[in-house]
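Structural characterization, general
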Amino acid sequence: MQTPTITLTKTAMMAALVFLATYVLKVPAPNGYSHLGDCMILISVLLLGSRNGALAGGVGAALADLLGGYMQWILPTFCIKVVMALIMGVCISKCSHRCHWLLGAVFGGLFQIFAYTAVKIVYYGFATAMVMTPGLLVQTAVSWICTALFLGILQTSGIWKNRKEI
């Protein structure tokens, strides 16, 4: 069993990776930007478990909004990313299938799409929110693909097998 200090350090490191993948690796889009932060959130859940992965994801994504100047999105982003990660974690713990992480990522991603669209309806109105939704669908799907690629790399390199020791 890991000490609380090691667990906190791993959670903070993953929050930093979520932040960097969201803040630094962003691709401008007509209605905001797309990023690889969701991929790092999914990896966080796989590495840290549901609770700590959700905390890392929520903190890292909210920090990217804070420093990126998207103040109105800090609280919605934190809540949405935490719930998205928790949904993934629950699916992982309940499903015994080999690709259980993907099932969790899909359900969490669908929640994210619905939740962000609901917030955008409040912020911008129904029509504008509907126009913005396809970009969120693409970003979410890309996060699933990138997560699969990263997992493949980690498994091939042998790092994934030794992840408990890191």
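Residues numbered from 1 in each chain as written. Predicted model: local features only at pLDDT ≥ 70, side-chain atom pairs only at ≥ 80, totals over all residues. Heavy atoms only, no water.

Looking at the side chain of K81
The residue K81 is located in helix α4 (residues 74-94) in this model. Since its relative accessible area comes to 2%, K81 is described here as buried. Of note is the side chain of K81, whose polar atom sits 2.5 Å from the side chain of Q112. (Helix = DSSP H or I, 4+ residues; strand = E, 2+ residues; numbered from the N terminus. Buried < 20%, exposed > 50% of the residue type's maximum accessible area, 1.4 Å probe, protein only. Polar contact = N/O pair within 3.5 Å; in protein donor to acceptor, adjacent residues only side chain to side chain.)

Quick notes on the pattern of salt bridges
Scanning all chains against the criterion turns up one salt bridge. A salt bridge links K81 to D38; the shortest N-O distance between them is 2.4 Å. You can see K81 sitting in helix α4 and its partner D38 sitting in helix α2 (residues 37-48), a full 43 residues away along the chain. Take D38: its relative accessible area is 1%, and that puts it in the buried class. (Salt bridge = Lys/Arg side-chain N within 4 Å of Asp/Glu carboxyl O.)

Digging into the packing of α2 against α4
In the contact formed by α2 and α4, the axes pass within 10 Å of each other and the chain directions differ by 45°. Classed by the angle they form, the pair α2 and α4 counts as oblique. Crossing hand, α2 versus α4: right-handed. For the pair formed by α2 and α4, the contact residues are D38, I41, L42, V45 and L46 on the first element and K81, M84, A85, M88, G89 and I92 on the second. Along the lines of polarity and charge, the residues of the contact of α2 with α4 split into eight nonpolar, one polar and two charged. (Axes fitted to C-alpha atoms, helices over the stretch in contact; angles between N-to-C directions. Parallel < 35°, antiparallel > 145°, perpendicular 65-115°, else oblique. Left-handed = near helix turned anticlockwise from the far one by under 90°. Contact = heavy atoms within 4.5 Å. Nonpolar A, V, L, I, M, F, W, Y, C, P; charged D, E, K, R; others polar.)

Points about helix α6 (residues 126-157)
If you check α6, its first and last C-alpha atoms are 46 Å apart, about what 32 residues at 1.5 Å a residue would give, namely 46 Å. A maximum bend of about 30° is found in α6 at M132, where proline P134 lies one to four positions downstream. Buried residues of α6: A129, M132, T133, L136, Q139, T140, S143, C146, T147 and L151, and no others. Positive backbone phi, at 90°, marks G158, one or two positions downstream of α6. (Expected span 1.5 Å × (residues − 1). Bend = angle between axes of the 7 residues up to and from the residue.)

So, the nonpolar core
Ranked by size, the top nonpolar core spans 24 residues in total, and within it M40, I43, L46, M88, W101 and L151 carry the most contacts. Of all the secondary structure elements, the ones that give two or more residues to this core are α1 (4-23), α2, α3 (50-68), α4, α5 (100-124) and α6. Top contributing element to this core by residue count: α2, with eight residues. With sequence-adjacent residues up to four places away left out, I43 is seen in contact with M14, T147, F150 and L151. If you look at the next biggest cluster of nonpolar residues, it comprises seven residues, including W73, I80, V119 and L136. (Core = buried A, V, L, I, M, F, W, Y, C linked by side-chain atoms within 4.5 Å.)

What about the packing of α1 against α2?
Two elements in contact, α1 and α2, have axes separated by 8 Å at closest approach and are oriented at 165°. The orientation of α1 relative to α2 falls into the category roughly antiparallel. Here the hand of the crossing between α1 and α2 comes out right-handed. On α2, the residues touching K10, T11, M14, L17, V18, A21 and T22 of α1 are G37, M40, I41, I43, S44, L47 and L48. Among the residues making up the contact of α1 with α2, the classes are represented as nine nonpolar, four polar and one charged.

Remarks on the confidence of the model for the protein chain
When pLDDT is averaged along the protein chain, the result is 90, and 94% of the positions lie at 70 or above. Averaged pLDDT values over the elements of the protein chain bottom out at 73 in strand β2 (residues 32-34) and peak at 96 in α3. (pLDDT = per-residue confidence, 0-100.)

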